[in-house]
Number of protein chains: 2
Amino acid sequence: MSSSSAAPRRDETAETAGAKPPMREALVAAAFQLFLERGYEQTTVDDIVALAGVGRRSFFRYFPSKEDVVFPDHERCLADMTAFLAASDEEHEPVRRVCDAARLVLRMYAENPAFSVQRYRLTKKVPGLRAYELSVVWRYERALAEYLRGRLAVRRDGTLQADVIAAAVVAAHNNALRSWLRSDGQGDASATVDHALGYVQSAFGAASPPHPAGDEPADDVVVVVSRRGAPLWRVVQEIETTLGRD
Amino acid sequence: MSSSSAAPRRDETAETAGAKPPMREALVAAAFQLFLERGYEQTTVDDIVALAGVGRRSFFRYFPSKEDVVFPDHERCLADMTAFLAASDEEHEPVRRVCDAARLVLRMYAENPAFSVQRYRLTKKVPGLRAYELSVVWRYERALAEYLRGRLAVRRDGTLQADVIAAAVVAAHNNALRSWLRSDGQGDASATVDHALGYVQSAFGAASPPHPAGDEPADDVVVVVSRRGAPLWRVVQEIETTLGRD
């Protein structure tokens with residue numbers, strides 16, 4: 001659905017041997033220097049290539065549009081996420097797996113805190129970039145939902161549950177990411193995101209161990225869902241089965 | 001956050017007394033006739049006003065852009081949603097309240113199934129309209145999240161929970177809405193959305209009664225959350241209390 005498997009991968013590896021920064025990175029650096037100096041709207045692709053010392057065609061070789069240079073790593077990250085999910089097997093608890101997939105996005109932001117904070121401030125100011133970001137977020141959400149749809153297909157409401165859980169994971173991730181970006185990239189981004197994703201896992205991942213081994217057992221919960229009209233003995237039976245008691 | 005309280009309300013009421021359709025509706029009808037005949041991209045605002053028999057200024061009096069004529073009722077619906085949430089009090093269980101707010105969007109679509117299905121097909125084909133729709137969905141989600149943030153402020157993770165629940169409600173609503181639109185507006189849209197929102201309420205709103213009085217008891221579920229280490233008699237006691245049995 002997200003078509004990200006066909007997305008271009010970083011192809012500057014051949015260039016990294018030289019002393020000067022790879023052309024792709026040089027274009028990103030030039031673009032951000034100008035965005036900060038003049039503003040995003042006032043900067044043209046011609047300005048960017050002039051500062052980077054390359055031709056227009058080089059720019060469009062790496063970036064389809066000016067907007068894309070603001071988010072240079074999302075295509076790679078989408079491709080990584082799709083590959084990560086495709087490499088899953090039956091043993092992966094699905095909700096935990098999409099949480100781990102979301103952590104790939106966090107890692108991309110945390111790799112370069114200064115750049116991520118700069119971009120966050122820029123995106124907040126430019127409506128066109130906010131719209132672009134929404135479409136990127138939507139593609140991540142679809143990648144997670146597609147995987148979950150496959151894994152939850154056996155459930156009666158599998159498609160519904162897949163869409164809801166994917167949206168919840170993305171919202172939790174973004175809540176944590178934004179709070180880290182607002183703190184200027186200070187603090188432990190991973191811990192913040194882990195905490196946020198833990199909330200989603202506690203809401204939707206009850207069938208799986210809610211915590212990795214070694215966590216405090218005090219948080220280990222059992223959720224029993226039953227029809228109100230069900231006889232009490234049936235409910236008790238179900239609890240006993242869940243708890244593994246006889 | 002959604003700024004929708006300042007959104008323009010339907011102001012064609014003064015025109016509805018005449019025999020011809022109000023100008024705003026006439027513009028929408030003309031636009032859709034042309035979008036279907038020629039395609040969205042191939043239709044200009046000039047084409048639309050020519051067919052509707054009005055001037056360009058009249059068009060822009062109602063719609064800031066060509067995209068807005070495709071979604072003529074979202075501003076009103078956002079304003080209705082914001083007003084609905086603002087009219088809440090402490091007695092409204094928050095998760096149920098945002099589910100009810102989401103139902104306002106469904107109602108807007110269900111008011112005119114043929115138009116909604118037509119637009120759904122159009123939006124799927126035009127990337128610019130999909131981007132526009134994402135931004136509208138985002139504004140609904142923010143309206144729900146802002147309300148929840150206020151209501152859940154007392155909780156330790158209130159902001160996180162608000163964002164996650166709002167996203168889950170929107171995803172559930174849209175899953176149901178799309179399945180209704182794909183079925184060409186056949187079937188009971190309300191029942192489909194109720195079912196989808198019930199899933200979100202069961203995940204997040206367990207403390208509230210899951211169904212309004214009068215619903216079929218067969219769907220009435222009881223959710224019991226307990227520590228795994230709790231003694232069985234305690235769990236049973238809690239179920240009995242919840243079920244109102246002695």
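Residues numbered from 1 in each chain as written. Chains lettered and ligands numbered in written order. Predicted model: local features only at pLDDT ≥ 70, side-chain atom pairs only at ≥ 80, totals over all residues. Heavy atoms only, no water.

**A few points about the environment of B:Ser88**
Residue and element names in this part refer to chain B. Our working rule: A run of DSSP states H or I qualifies as a helix once it reaches four residues; a run of E qualifies as a strand once it reaches two. Both are numbered from the N-terminal end. By definition in these notes, contact holds between two residues if any of their heavy atoms fall within 4.5 Å. Polar contacts, as counted here, are pairs of nitrogen or oxygen atoms within 3.5 Å of one another; within protein the pair requires one atom able to donate a hydrogen and one able to accept it, and residues that are adjacent in sequence qualify only if both atoms are side-chain atoms.
With respect to the element layout, Ser88 can be found in the loop between α5 (74–86) and α6 (94–110). C-alpha of Ser88 to C-alpha of Arg151: the two residues are 63 residues apart in sequence and 10.0 Å apart in space. Setting aside anything within four residues of it in sequence, one finds Ser88 in contact with Arg97 and Tyr147. For Ser88, the side chain forms a polar contact with the main-chain oxygen of Leu85, separated by 2.7 Å. Within the local environment of Ser88, its side chain forms a polar contact with the side chain of Arg97, the two groups lying 2.7 Å apart.

**Notes on the pattern of salt bridges**
This is how the line gets drawn: By convention in these notes, a salt bridge is any Lys or Arg side-chain nitrogen within 4 Å of a carboxyl oxygen on Asp or Glu. Burial status follows relative accessibility: with a 1.4 Å probe on protein chains alone, a residue under 20% of its type maximum counts as buried, one over 50% as exposed, and anything between as partly exposed.
Counted by the stated rule, this structure contains 26 salt bridges over all chains. Notably, a salt bridge pairs A:Arg149 with A:Asp163, separated by 2.9 Å at the nearest N-O pair. Here A:Asp163 lies in helix α9 (residues 158–182) and A:Arg149 lies in helix α8 (residues 127–151), a separation of 14 residues in the sequence. You can call A:Arg149 partly exposed: its relative accessible area is 26%. Of the charged contacts, one joins B:Glu111 and B:Arg76 as a salt bridge, the two residues approaching to 3.7 Å between their closest N and O atoms. Within this pair, whereas B:Glu111 is found in the loop between α6 and α7 (113–125), its partner B:Arg76 is found in helix α5, the two being separated by 35 residues in sequence. Taking the relative accessible area as the measure of exposure, B:Glu111 reaches 54% and is therefore exposed. When salt bridges with common partners are traced through the structure, they connect A:Arg24, A:Asp73, A:Arg76, A:Asp80 and A:Glu111 into a single cluster.

**Quick look at the packing of aromatic side chains**
Between two aromatic rings, the relevant description is the distance of the centres plus the angle of the planes. For clarity, the threshold we go by: Each aromatic pair joins two rings of Phe, Tyr and Trp (for Trp, the six-membered one) with centres within 6.5 Å, and gets the label stacked for planes under 30 degrees apart, edge-to-face for over 60, and tilted for any other angle.
Taken as a whole and assessed by the stated rule, the structure comprises 17 aromatic pairs over all chains. Aromatic pair A:Phe71 and A:Tyr132: ring centres 5.0 Å apart, planes at 10 degrees, arrangement stacked. Placement of A:Phe71 in the loop between α4 (66–70) and α5 (74–86) and of A:Tyr132 in helix α8 is noted, with a sequence separation of 61 residues between them. A:Tyr132 matches A:Phe71 in its accessibility class, with the two residues each being buried. With a centroid separation of 5.9 Å and an interplanar angle of 40 degrees, the aromatic rings of A:Phe204 and B:Tyr199 are classed as tilted. Placement of the pair is A:Phe204 in helix α10 (residues 189–204) and B:Tyr199 in helix α10 (residues 189–204), with the two residues belonging to separate chains. Exposure remark for B:Tyr199: the relative accessible area of 16% places this residue in the buried category.

**A few points about the UniProt feature "DNA-binding region" (unreviewed entry) in chain A**
Applicable threshold: UniProt positions are given in the numbering used here, feature names are shortened, and annotations may be inferred rather than shown by experiment.
Mapped onto the present numbering, the UniProt feature "DNA-binding region" (unreviewed entry) falls on residues 44–63 of chain A. With 75% helix and 0% strand, residues 44–63 of chain A has its two end C-alpha atoms placed 13 Å apart.

**A word on helix α1 (residues 23–38) of chain B**
Residues and elements named next belong to chain B. Condition: Expected helix span is computed as 1.5 Å times (number of residues minus one).
An ideal rise of 1.5 Å per residue puts 22 Å on 16 residues; α1 measures up with 22 Å between its terminal C-alpha atoms. Considered for burial, the residues of α1 that qualify are Arg24, Leu27, Val28, Ala30, Ala31, Phe32, Leu34 and Phe35. Residues of α1 that are buried make contact with α2 (45–52), α3 (56–62), α4 (66–70) and α7.

**Concerning the packing of α5(A) against α8(A)**
Geometry of a packed helix pair, given as the angle between the helix axes and the separation of the axes. Residues and elements named next belong to chain A. The following threshold applies: Only the stretch in contact is used when a helix axis is fitted, and all axes are lines through C-alpha atoms; the angle between N-to-C directions ranges over 0 to 180 degrees. Roughly parallel covers angles under 35 degrees, roughly antiparallel covers those over 145, roughly perpendicular covers 65 to 115, and oblique covers all other angles. Only Asp, Glu, Lys and Arg are considered charged, only Ala, Val, Leu, Ile, Met, Phe, Trp, Tyr, Cys and Pro nonpolar, and every remaining residue, Gly among them, polar.
One can describe the packing of α5 onto α8 by two numbers: an axis separation of 10 Å at closest approach and a directional angle of 5 degrees. Relative to α8, the element α5 lies roughly parallel. Touching His74, Glu75, Cys77, Leu78, Met81 and Leu85 of α5 are Val136, Arg139, Tyr140, Ala143, Leu144 and Tyr147, all from α8. Each residue belonging to the contact of α5 with α8 can be placed in one class, and the counts come to nine nonpolar, one polar and two charged.

**Here we look at α5(A)**
All names here are of chain A. Compared with an ideal rise of 1.5 Å per residue, which puts 13 residues at 18 Å, α5 spans 18 Å between its outermost C-alpha atoms and is within 8% of the ideal. Considered for burial, the residues of α5 that qualify are His74, Arg76, Cys77, Leu78, Ala79, Met81 and Leu85. Summarising the contacts, the buried residues of α5 are in contact with α6 (94–111) and α8.

**Quick notes on the confidence of the model for chain A**
Residues and elements named next belong to chain A. So the rule is basically this: pLDDT gives the predictor's per-residue confidence on a scale running from 0 to 100.
Counting all residues, the mean pLDDT for chain A is 82, and 75% of those residues have values of 70 or more. For chain A, helix α11 (residues 232–243) is the element with the lowest average pLDDT, namely 55, and α9 is the one with the highest, namely 97. When the criterion is pLDDT under 50, residues 1–18 qualifies, and its contacts beyond four places in sequence or with other chains add up to 25 contacts. Below a pLDDT of 50 lies the segment residues 207–220, which in the model reaches eleven contacts outside its immediate sequence neighbourhood of four places, other chains included.

**Examining the environment of B:Ala30**
All names here are of chain B. Within the secondary structure, Ala30 is located in helix α1. On a C-alpha basis, the gap between Ala30 and Val49 in space is 7.8 Å, while along the polypeptide they are 19 residues apart. Ignoring any residue separated from it by four or fewer positions in sequence, one finds Ala30 in contact with Ile48, Leu51 and Ala52.

**Here we look at unusual backbone geometry**
Residue and element names in this part refer to chain A. The phi dihedral of Asp184 falls on the positive side, at around 60 degrees, and the residue is not glycine. Mapped onto the elements of the fold, Asp184 is located in the loop between α9 and α10. The partly exposed category is assigned to Asp184, whose relative accessible area is 41%.

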